[in-house]
Amino acid sequence: MCMQIYFQRLDVMTEENLEMKTKALPQIPFLGDRIFYGWVIVAVGMVGQFLQGIAFQGFTTYLGPLHNSFGWNRAILAGPRSVTQVQSAVLGPVEGYLIDGLGPRKVVMTGVFILGLGFILFGFIDSLWMYYLASMVIVLGTGLQGLLVLSVTVNNWFRRRRTIANSIMLLGFSTAGIVGVPLLVLLQTSIGWRESAIGSGLVVWVVGLPCAMLLRTKPELYGLQPDGDSSLSNETTGKGRSNIDVDYDFTLRQSLMTRAFWFVAVGSALGNLGMGTAQVHLFLHLEQGLGFERSTAAFVWMVASLSNVPSRLIGGILGDRMPKNFIVGFATFSMAISVFILGIADRVSLAFAYAIFYGIGWGIRTPVMNALQGEYFGRQSQGVIRGWLQSIGIPFSIAAPVLAGYMADIQGDYRMTFIITSFVMLIGAFFMSAAKRPAAPGV
């Protein structure tokens with residue numbers, strides 16, 4: 001409570017100082033002041049999402065080599081994902097306070113350094129405890145430089161174009177699946193998984209640290225307005241409607257009193273459960289369950305990532321024009337269908353059908369979800385609110401990967417696990433569709 005009061009007072013003091021002094025933005029070579037700096041924030045976010053994509057999507061590519069090197073079973077291999085979800089549950093609200101209190105630049109630079117260190121540690125693991133330790137360091141880094149921090153920052157710089165800005169930023173995560181994951185598989189095959197991990201850590205430092213230095217908190221501190229507008233007045237579209245409804249800010253306490261908060265929390269949690277289960281065990285299922293070559297498994301994931309790219313842009317366009325809760329509900333439904341297809345797949349064509357449906361749903365869901373949270377609860381306290389939204393769904397994500405691995409060890413494959421997961425995701429789609437935007441606080 002004391003921390004919340006302190007940061008609220010800090011925000012008030014910051015706003016009071018806006019009229020007295022504005023800060024200078026970094027000068028980007030060849031750009032100058034020709035573009036709104038919010039798009040620089042988006043570009044930095046793309047880089048950050050690429051690095052996070054290498055960590056998150058690339059995790060599953062290491063499970064096969066680790067199994068061959070150490071003989072660990074599926075449940076043990078999936079264990080770090082669940083352990084690190086506990087870590088994320090604790091860090092989620094803390095990250096929210098850090099974003100709102102310190103700003104994104106310091107938080108992301110710290111996260112980039114820790115993420116690179118985690119990759120390097122991963123390259124030296126020789127025991128189970130080191131495997132878990134390196135995984136925890138990686139997750140700590142991805143949390144501090146990851147989606148929560150970057151999307152909160154993008155939401156601060158945009159209002160009318162919030163969804164499309166998030167969509168463009170998230171293309172970095174898609175690019176990691178298209179380029180980064182196949183490259184990781186190639187490097188693991190040619191030079192070894194240890195060298196691949198260490199090299200990834202060095203790349204994170206060289207690329208991520210300079211980019212993180214360009215991040216800034218919000219446009220008002222630099223004499224600008226969201227979207228680069230000349231004023232905060234609501235502008236109307238050619239159709240005569242406001243580009244964005246009246247913007248209002250919730251405190252954490254006020255948001256917890258709304259039905260929308262809990263519907264979003266549950267819907268998001270059940271959707272993330274399915275995403276986590278499918279992504280963690282995908283390569284093991286395709287290689288050991290269906291007998292695919294590693295190159296084929298990597299190509300399946302590449303197709304999912306390729307399907308993701310146009311879907312992100314379509315979701316960005318639709319999300320700024322249609323009710324976001326319905327769009328996220330549809331996207332979660334598409335992903336549920338894809339996981340069901342993966343569960344019944346017995347040939348390559350069905351694996352690619354999974355990839356296409358999954359990529360479409362995944363591409364639409366993430367940017368619209370990020371924009372929805374900013375639209376529903378405002379900009380002032382969105383860091384801490386979204387931190388709590390993230391943490392509430394963690395128990396689902398903690399249990400899912402280990403239970404999926406345990407069931408696969410017992411049954412010999414992932415078929416029943418994926419089928420059950422798909423029906424759970426359908427429930428999540430219902431909750432998201434029913435999560436209407438709350439009325440203004442006090443109304």
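Up top is the structure.
Criteria and thresholds
Residues numbered from 1 in each chain as written. Predicted model: local features only at pLDDT ≥ 70, side-chain atom pairs only at ≥ 80, totals over all residues. Heavy atoms only, no water. Helix = DSSP H or I, 4+ residues; strand = E, 2+ residues; numbered from the N terminus. Buried < 20%, exposed > 50% of the residue type's maximum accessible area, 1.4 Å probe, protein only. Contact = heavy atoms within 4.5 Å. Areas by Shrake-Rupley, 256 points an atom, 1.4 Å probe, with all protein chains shown as cover. Axes fitted to C-alpha atoms, helices over the stretch in contact; angles between N-to-C directions. Parallel < 35°, antiparallel > 145°, perpendicular 65-115°, else oblique. Left-handed = near helix turned anticlockwise from the far one by under 90°. Nonpolar A, V, L, I, M, F, W, Y, C, P; charged D, E, K, R; others polar. Phe/Tyr/Trp six-rings, centres within 6.5 Å; stacked < 30°, edge-to-face > 60°. Lys NZ or Arg CZ within 6 Å of the ring centre and 35° of its normal. Core = buried A, V, L, I, M, F, W, Y, C linked by side-chain atoms within 4.5 Å. Patch = residues over 30% accessible without salt bridge, like charges linked within 9 Å, V, L, I, M, F, W, Y side chains within 5 Å. Salt bridge = Lys/Arg side-chain N within 4 Å of Asp/Glu carboxyl O. Polar contact = N/O pair within 3.5 Å; in protein donor to acceptor, adjacent residues only side chain to side chain. Expected span 1.5 Å × (residues − 1). Bend = angle between axes of the 7 residues up to and from the residue.

When you look at the overall build of the protein chain in this model, what are you seeing that I'm missing?
Per the secondary structure count, the protein chain includes 17 helices and 0 strands. The 443 residues of the protein chain split such that 58% are buried. Of all intrachain contacts in the protein chain linking residues separated by at least 6 positions in sequence, the fraction that spans at least 24 positions is 85%. Surface summary for the protein chain: the accessible area is close to 18,000 Å², and the carbon and sulfur share equals 68%.

What should I look at first to understand helix α3 (residues 63-70) in this one?
Side chains three or four residues apart in an α-helix point the same way, a direct result of the helix having 3.6 residues per turn. Burial in α3 covers these residues: Leu63, Gly64, Pro65 and Leu66. One or two residues past the end of α3 sits glycine 71, with phi positive at roughly 75°.

How should the packing of helix α11 (residues 259-289) against helix α17 (residues 415-433) be read in this particular structure?
Each pair of packed helices gets described by two things: the angle between the helix axes and the distance between those axes. Taken N-terminus to C-terminus, the directions of α11 and α17 make an angle of 155°; their axes are 8 Å apart at the nearest point. The angle between α11 and α17 falls in the class roughly antiparallel. Both α11 and α17 take part in a crossing whose hand is left-handed. Split by residue class, the contact of α11 with α17 holds 13 nonpolar, 10 polar and no charged.

Any chance you could explain the side chain of glutamate 375 here in plain terms?
With respect to the secondary-structure elements, glutamate 375 resides in helix α14 (residues 348-377). Not counting residues within four places of it along the chain, the set of residues in contact with glutamate 375 comprises Arg162, Lys324 and Arg437.

In this structure, what is going on with the packing of aromatic side chains? I would like to understand it.
Aromatic ring pairs: the centre-centre distance and the angle between the two ring planes describe each pair. Applying the stated criterion across every chain, the model contains 24 aromatic pairs. Centre to centre, the rings of tyrosine 354 and tyrosine 358 are 5.4 Å apart; their planes meet at 40°, and the pair counts as tilted. Taken together, the positions of tyrosine 354 and tyrosine 358, both in helix α14 and 4 residues apart, correspond to about one turn of that helix. Residue tyrosine 354 is classed as buried on the basis of its relative accessible area, which comes to 0%. When the centroid spacing of 5.8 Å and the interplanar angle of 50° are considered together, the rings of tyrosine 358 and tryptophan 362 count as tilted. Separated by 4 residues within a single helix, tyrosine 358 and tryptophan 362 lie in helix α14, roughly one turn from each other. Judged by its relative accessible area of 2%, tryptophan 362 is buried. Taken together, the ring pairs in this structure connect Tyr62, Phe70, Trp72, Phe122, Tyr131, Tyr132 and Trp193 into an aromatic cluster. Positioned above the aromatic ring of phenylalanine 263 is the side chain of arginine 259, whose terminal nitrogen or guanidinium carbon lies 5.2 Å from the ring centre. Lying over the aromatic face of tryptophan 362, arginine 312 brings its terminal NZ or CZ to 5.4 Å of the ring centre.

Help me understand the nonpolar core in this model?
One recurring pattern in soluble globular proteins: nonpolar side chains tend to sit buried together. Ranked by internal contacts, the top residues of the largest apolar core, which has 86 residues, are Leu66, Phe122, Tyr131, Leu286, Trp301 and Tyr354. Ranked by size, the runner-up nonpolar core spans 23 residues in total, among them Tyr248, Phe261, Val264 and Leu389.

It is not clear to me how the packing of helix α5 (residues 104-122) against helix α9 (residues 193-212) should be interpreted in this structure. Could you clarify?
The interhelical angle for the contact between α5 and α9, taken along N-to-C directions, is 165°, at an axis separation of 7 Å. Considering the angle they form, α5 stands roughly antiparallel to α9. Seen along the crossing, α5 lies across α9 with a hand that is left-handed. From α5, Arg105, Val108, Met109, Val112, Phe113, Leu115, Gly116, Leu117, Phe119, Ile120 and Phe122 reach across to α9, where they touch Trp193, Ala197, Ile198, Ser200, Gly201, Leu202, Val204, Trp205, Gly208, Leu209 and Ala212. Considered class by class, the residues forming the contact of α5 with α9 number 17 nonpolar, 4 polar and 1 charged.

Before we go on, may I ask you to explain unusual backbone geometry in this structure?
Trans is the prevailing form of peptide bonds, just as negative phi is the prevailing case for residues other than glycine. The phi torsion at aspartate 227 lies on the positive side, around 70°, for a residue other than glycine. Residue position: aspartate 227 is located in the loop between α9 and α10 (252-256). For aspartate 227, a relative accessible area of 5% corresponds to the buried category.

Which parts of the structure should I look at to understand a nonpolar patch on the surface?
Taken together, the side chains of Phe330, Phe333, Ile337, Phe340, Ile344, Phe357, Phe423 and Leu426 make up a nonpolar region of the molecular surface, amounting to roughly 690 Å² of accessible area. Where the nonpolar patch is concerned, the elements lending two or more residues are α13 (324-344) and α17. Tallying contributions element by element places α13 first for the nonpolar patch, with 5 residues. With respect to the helices, strands and loops of the structure, phenylalanine 333 is situated in helix α13.

Is there a simple way to think about the environment of phenylalanine 36 in this case?
Here phenylalanine 36 is to be found in the loop between α1 (2-18) and α2 (37-58). Counting along the chain gives 193 residues from phenylalanine 36 to aspartate 229, while the straight-line C-alpha distance between them is 9.4 Å. Setting aside residues no more than four positions away along its own chain, phenylalanine 36 makes contact with Trp157, Phe158, Leu224, Gln225, Pro226, Asp227 and Gly228.

Would you mind showing me how to read the side chain of serine 338 here?
For serine 338, the location among the structural elements is in helix α13. For serine 338, a relative accessible area of 0% puts it in the buried group. Of the polar contacts made by the side chain of serine 338, one reaches the backbone oxygen of methionine 335; its length is 2.6 Å. Those residues within four positions of serine 338 in sequence are excluded, and the remaining contacts are Tyr354, Phe357 and Tyr358.

Explain helix α12 (residues 294-319) here, please?
In this model α12 runs 36 Å from its N-terminal to its C-terminal C-alpha over 26 residues, within 8% of the 38 Å that 1.5 Å per residue would give. Maximum bend of α12: about 25°, positioned at valine 309, with proline proline 310 one to four residues after it.

Don't take any of this as a statement about function, it's just geometry.
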